[in-house]
Amino acid sequence: MGSATIFADIRVCVVDDNRNFQNLFRTLLRGMGFRRVDVFGDPIEARAFVTETPVDVAFVDLVMPRQSGID
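We now turn to the structure provided with this report. (Residues numbered from 1 in each chain as written. Predicted model: local features only at pLDDT ≥ 70, side-chain atom pairs only at ≥ 80, totals over all residues. Heavy atoms only, no water.)

For the rest of this paragraph, the subject is the overall build of the protein. Each helix and strand counted, the protein has 3 helices and 3 strands in total. At 12 Å, the protein has a C-alpha radius of gyration in line with the 11 Å of a compact globule built from 71 residues. Once the C-alpha set of the protein is aligned to its principal axes, its extents read approximately 40 × 25 × 15 Å. Every one of the 71 residues in the protein was classed for burial, and the buried ones make up 30%. Residue pairs at least 24 apart in sequence account for 69% of intrachain contacts in the protein once pairs closer than 6 positions are excluded. Where the 8 positive side-chain charges of the protein centre and where its 10 negative ones centre are 6 Å apart. (Helix = DSSP H or I, 4+ residues; strand = E, 2+ residues; numbered from the N terminus. Rg over C-alpha atoms; globule rule 2.2 N^0.38 Å. Buried < 20%, exposed > 50% of the residue type's maximum accessible area, 1.4 Å probe, protein only. Contact = heavy atoms within 4.5 Å. Lys, Arg positive; Asp, Glu negative; His and termini not counted. Charge placed at Lys NZ, Arg CZ, Asp CG, Glu CD.)

Across the sheet, 3 strands lie side by side as β2-β1-β3; this open sheet has parallel pairing. Edge positions in the sheet fall to β2 (36–40) and β3 (57–60), since each has one partner strand and no second. Direction aside, the axes of adjacent strands within the sheet are offset by 15° on average. Here 5 bridges tie strand β1 (residues 11–15) to β2, and the two strands are oriented parallel to one another. Along β2, the bridge assignment pairs Val-12 with Val-37. Of the strands in this sheet, β1, β2 and β3 touch helix α2 (residues 19–32), which is tilted by about 175° from β2. (Pairing = 2+ DSSP bridges. Axes fitted to C-alpha atoms, helices over the stretch in contact; angles between N-to-C directions.)

This next bit is on the pattern of salt bridges. Using the criterion set out here, one finds 1 salt bridge in the structure. As a salt-bridge pair, Arg-11 and Asp-38 come within 2.7 Å of each other at their nearest N and O atoms. One end of the pair, Arg-11, is in strand β1; the other, Asp-38, is in strand β2, and 27 residues separate them in sequence. In this structure, Arg-11 and Asp-38 share a single accessibility class: buried. (Salt bridge = Lys/Arg side-chain N within 4 Å of Asp/Glu carboxyl O.)

Put into structure tokens, the structure is as follows:
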């Protein structure tokens, strides 16, 4: 069983206001076999999403406008 099979059903949430980092994370995660990758540039939108949709792993930028990653 390869890593693509292992990671295919894991839902990952990336929250970063930098579009370059969003694209980098998406590309790296998909290259590793993750297929359920949700990317957000706004922490408030991300919070609303994860409130309704369970995620397995979250990568969150700590310094963002409107709300910090810690919040």
